[in-house]
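# Per-entry structural report
These are the residues of each chain, in order.
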Amino acid sequence: MDPHGLDPRDHQLSHKASQETFISLVQLDPEPIQDLYQDEGPDFDPTRDASPSEDATEGGSLANSIHSLKSSGSGGAAGGISLNTMTPLGLSGSGHGAIYYLTRIQRYSSYTFSLFASLHLATTSVIPLLARSVPASESYLLLAREIYQTPLSEPLLVALPIVAHVGAGLLARLLRRRENLRRYYGAGDEKTHMGLGITKPTARFLRSGWPRLSWIALSGYGFTAVVAAHAFMNRGLPLVVEGDSANIGLAYVAHGFVRHAWTSWAAYAALLGIGCGHMVWGWAKWFGVSQGAGWVLERHTGVPEVDRKARRKRRRRLIWINAVAAAATAVWATGGLGVVARGGETLGWVGKVYDGLYDKVPLF
């Protein structure tokens with residue numbers, strides 16, 4: 001016991017708590033100076049593309065601060081200037097800019113598409129995996145189509161969410177480029193960048209104002225391409241050639257694996273791999289799990305113990321998210337590729353219809 005009445009254990013606990021607080025602060029991402037009235041979220045990065053992480057769940061404190069400023073007085077800010085009149089694009093006096101609404105369109109459209117994806121996963125993978133038979137699983141696929149393939153539900157659950165999600169992301173990227181040019185890079189020149197140790201290619205990229213593409217954005221563009229090809233082969237092509245897609249089901253997919261094995265395996269491997277990876281990482285962004293995930297520590301403190309703990313935490317998050325993505329891909333592939341792809345060739349006139357459809361596509 002200390003003669004002054006101080007317990008050494010109290011000092012150790014205080015030191016440990018201070019160290020943990022320091023670690024948590026080190027792991028916070030830096031934030032550039034933002035325009036409050038654009039309300040782009042606290043994780044806005046002028047060099048990074050739009051992604052599902054840029055959401056109000058992390059920007060709530062900023063939005064609440066703006067709301068409290070607005071409601072603190074009926075006259076608004078000092079000098080008679082009201083914050084309600086300071087809204088870009090004149091969006092209903094809410095104080096939110098266009099990027100604010102575009103990121104929310106991206107988020108909520110993914111909710112709707114996830115509902116369709118869950119139903120599609122169940123009928124094209126989980127049920128075939130349990131039934132171990134393509135013919136026995138067809139009835140469940142037809143039943144699910146009554147939910148998401150009606151004249152009303154198909155546009156609302158499938159087409160509109162995809163268009164809204166991709167379109168909002170592209171438009172937000174264009175708006176971010178405009179804001180980057182206005183805020184950060186408009187007055188920069190090559191000599192200034194070279195003085196900061198930035199290479200010429202990087203300086204040219206910075207002056208262009210384009211946000212840096214994140215991995216989730218890249219996978220999203222790739223997922224859009226493979227989903228479009230999948231929808232064309234299974235929905236669009238039968239409608240154009242046959243007038244409807246009533247005969248298109250799991251047997252049609254199995255027939256394609258028999259007649260055009262290499263193309264089918266490559267197409268569905270890309271669809272499952274890119275799709276599951278994009279959706280899992282997207283949901284990790286929504287829940288705030290993917291922030292700080294990585295293998296390399298981006299910012300070092302100079303304190304080995306602190307850096308070691310921060311690096312372990314980043315790697316654990318990265319491993320867990322990728323493990324979930326790999327598990328989702330494995331489940332879908334086990335039923336889809338392990339059962340449906342091995343369902344065999346369809347004979348008779350239906351098989352001839354399938355051959356006629358595949359022959360319409362040059363790649364097959």
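Under the annotation held in an unreviewed UniProt entry, the chain carries the name Mitochondrial adapter protein MCP1 transmembrane domain-containing protein and is attributed to Neurospora intermedia.

## Observations concerning the UniProt feature "transmembrane region" (unreviewed entry) in the chain
Under the feature "transmembrane region" (unreviewed entry), the UniProt entry names residues 111-131, 156-175, 213-233, 265-284 and 318-341. Regarding residues 213-233, the helix share stands at 90% and the strand share at 0%, and the terminal C-alpha atoms are separated by 29 Å. Taken end to end, residues 265-284 has its terminal C-alpha atoms 28 Å apart, with 100% of it in helix and 0% in strand.

## Remarks on a nonpolar patch on the surface
A cluster of nonpolar side chains, Tyr108, Tyr111, Trp283, Phe287 and Val289, forms an exposed patch at the surface whose accessible area comes to about 510 Å². One can find tyrosine 108 in helix 3 (residues 98-131).

## Side note on the nonpolar core
In terms of nonpolar packing, the biggest core is built from 23 residues, with Tyr148, Phe223, Phe257, Tyr268 and Leu271 touching the most fellow members. Looking at this core, the elements that each hand over two or more residues are helix 3, helix 4 (134-148), helix 5 (153-185), helix 8 (215-241), helix 9 (250-259) and helix 10 (261-286). The residues touching phenylalanine 223, leaving out its near neighbours within four places in the chain, are Phe113, Leu271, Ile274, Gly275, His278 and Met279. Core analysis: the next-biggest nonpolar cluster, separate from the first, contains nine residues, Ile248, Val353, Leu357 and Tyr358 among them.

## A look at helix 11 (residues 304-336)
The end-to-end C-alpha separation of helix 11 is 47 Å, in line with the 48 Å expected for 33 residues at 1.5 Å each. Among the residues of helix 11, Val306, Asp307, Ala310, Arg314, Leu318, Ile321, Ala325, Trp332, Gly335 and Gly336 are the ones counted as buried.

Rules of the game
- Residues numbered from 1 in each chain as written.
- Predicted model: local features only at pLDDT ≥ 70, side-chain atom pairs only at ≥ 80, totals over all residues.
- Heavy atoms only, no water.
- UniProt positions renumbered as here; feature names shortened; annotations may be inferred.
- Helix = DSSP H or I, 4+ residues; strand = E, 2+ residues; numbered from the N terminus.
- Patch = residues over 30% accessible without salt bridge, like charges linked within 9 Å, V, L, I, M, F, W, Y side chains within 5 Å.
- Areas by Shrake-Rupley, 256 points an atom, 1.4 Å probe, with all protein chains shown as cover.
- Salt bridge = Lys/Arg side-chain N within 4 Å of Asp/Glu carboxyl O.
- Core = buried A, V, L, I, M, F, W, Y, C linked by side-chain atoms within 4.5 Å.
- Buried < 20%, exposed > 50% of the residue type's maximum accessible area, 1.4 Å probe, protein only.
- Contact = heavy atoms within 4.5 Å.
- Expected span 1.5 Å × (residues − 1).

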